[in-house]
Amino acid sequence: MVIEIRSDIFTEIGNLKDVNYLIGLFSNHSRYGYFCDISIIAETELYNSLLDIDRLIIEDYFNKHISESTKMDFRIESNSNSNAFNLEEAKRYFIQPFTIILENSLNDSYFLNAIILNFKNRSKIIKRHLENGWLDYGNGGGLDNIINQVSAKMKQFENLPKENHKYLRCFVLVDSDKKFPNDSTKKNRENLFQFLNRLGIPYHELEKREMENYLPDEVIETIENNNDFVQAYLRLNDLQKDYFDLEKGFIENLNSSSDEVKALYANVSVEDYKALRSNKIQLPPSFKSEFPKLFSHSKITKEALKKRVSHQTNDPNELETILDKISKLL
């Protein structure tokens, strides 16, 4: 992210305290890149009142961004308008951590941490923000509560001049909950996406059913005391594994299922179907709390994670896509 501090900010010496604050915030561990046009501000009282180190950093950034013709992501200027923040807005916006809203921040974070850890080059910016406390995971409290959580976050900006969603810094990551590839979008999910689109809040819906479905076979096969279930699961093909309910297994007779589900699992043997229906993965104290921790297993590697998505028709590089979407916002 690169932020332009416009030259009109430097014409008022009364802005010195706020400029000092913002430059300190942006420069801390190189949190954000920023640009000030030295050719215009060099003779101002405010600029010459800055610390020598701050003027050197401003000059370095100026030369860097001029040579690279960097695109500015945000502008700070004296008057608030639709395309820029004033100083008060800028302080409120840039001090807040960026939030990745998950349906369950405790359990779902294991999946996200696994791809951040294993796709090192792709996640450098994300990792740096996490380590410095500039990025956190927000708990949506389930899909149906995410709208409430986002609305609550917006309330803190009600005293600022723009529509309060303009000050949000967040990204939403949710399961698809699809039972088969062309499963329709449920009404509650459609409502969520319409809400996020209306406010311009970026999000990603997973291609597979749930985050659990991204766990590589190499880790599934290490699960102990569940041999019949695990072996039957491993005999499923990649597409079947994408939409299989790992927590509940098959909850109904295949003949009672929809035509799409029947077609998806048509080649599953009677024995395997029975094993995946009558058994459940036993992970005391509960599947929901323990299964996500398998994303921290030593057999989780970049190669294993990539293999688990390589067959996907919509996006065989979905894990990189998620990281790129988040990185672009930082």
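A brief report on the enclosed structure follows. Here the structure is a predicted model, which is why all the values come from computation and not from measurement.

With respect to the overall build of the chain
Counting its secondary structure elements, the chain contains 17 helices and seven strands. A total of 330 residues make up the chain; the buried ones form 48% of that total. Sequence separation of at least 24 residues holds for 76% of the intrachain contacts in the chain that already meet a minimum separation of 6. Carbon and sulfur atoms make up 47% of the accessible area of the chain, which totals about 16,400 Å². Of the side-chain charges in the chain, 43 are positive and 51 negative, and the distance between the mean point of each set is 3 Å.

Overview of a nonpolar patch on the surface
Nonpolar side chains collect at one region of the surface, where Leu51, Ile53 and Leu56 lie side by side and expose about 310 Å² of accessible area between them. In this fold, Ile53 is placed in helix α4 (residues 52-68).

Focus on unusual backbone geometry
Note the cis peptide between Pro284 and Pro285, where omega equals 5°. Locating Pro285 in the fold gives a position in the loop between α14 (270-278) and α15 (287-290). At Ser69, a position not held by glycine, the phi torsion is positive, near 50°. Looking at the element boundaries, Ser69 is found in the loop between α4 and β3 (74-76).

Overview of the side chain of Thr99
Relative to the assigned elements, Thr99 resides in strand β4 (residues 98-102). Side-chain polar atoms of Thr99 contact the side chain of Asp136, separated by 3.0 Å. Excluding residues that lie within four positions of it along the chain, Thr99 makes contacts with Asp136, Tyr137, Gly138, Lys153, Arg169, Cys170 and Phe171.

Focus on the sheet that holds strand β7 (residues 203-205)
What the four strands build is an open sheet, ordered β5-β4-β6-β7; its pairing is parallel. The strands lining the two open edges of the sheet, one partner per strand, are β5 (135-139) and β7. Strand-to-strand twist in this sheet, taken as the mean axis angle between neighbours without regard to direction, amounts to 20°. For β4 and β5, the ladder comprises five bridges, and the chain directions are parallel. Across the sheet, Leu102 pairs through a bridge with Asn139, a residue of β5. The strands touched by helix α6 (residues 105-118) within the sheet are β4, β5 and β6 (170-174), with β5 carrying the most contacts at an inclination of about 145°. Packed on one face of the sheet, helix α9 (residues 187-199) meets β6 and β7 and runs near 155° to β7.

Overview of the pattern of salt bridges
In the structure shown here, the tally under the stated rule is 23 salt bridges. Among the ionic pairs, Asp52 bridges to Arg55, the shortest N-O distance being 2.5 Å. Residue Asp52 and its partner Arg55 are both found in helix α4; the two are separated by three residues, about one turn of the helix. For Asp52, a relative accessible area of 52% translates into the label exposed. The closest approach of N and O atoms between Glu247 and Lys288, which form a salt bridge, is 3.2 Å.

Rules used in this analysis
- Residues numbered from 1 in each chain as written.
- Predicted model: local features only at pLDDT ≥ 70, side-chain atom pairs only at ≥ 80, totals over all residues.
- Heavy atoms only, no water.
- Helix = DSSP H or I, 4+ residues; strand = E, 2+ residues; numbered from the N terminus.
- Buried < 20%, exposed > 50% of the residue type's maximum accessible area, 1.4 Å probe, protein only.
- Contact = heavy atoms within 4.5 Å.
- Areas by Shrake-Rupley, 256 points an atom, 1.4 Å probe, with all protein chains shown as cover.
- Lys, Arg positive; Asp, Glu negative; His and termini not counted.
- Charge placed at Lys NZ, Arg CZ, Asp CG, Glu CD.
- Patch = residues over 30% accessible without salt bridge, like charges linked within 9 Å, V, L, I, M, F, W, Y side chains within 5 Å.
- Salt bridge = Lys/Arg side-chain N within 4 Å of Asp/Glu carboxyl O.
- Polar contact = N/O pair within 3.5 Å; in protein donor to acceptor, adjacent residues only side chain to side chain.
- Pairing = 2+ DSSP bridges.
- Axes fitted to C-alpha atoms, helices over the stretch in contact; angles between N-to-C directions.

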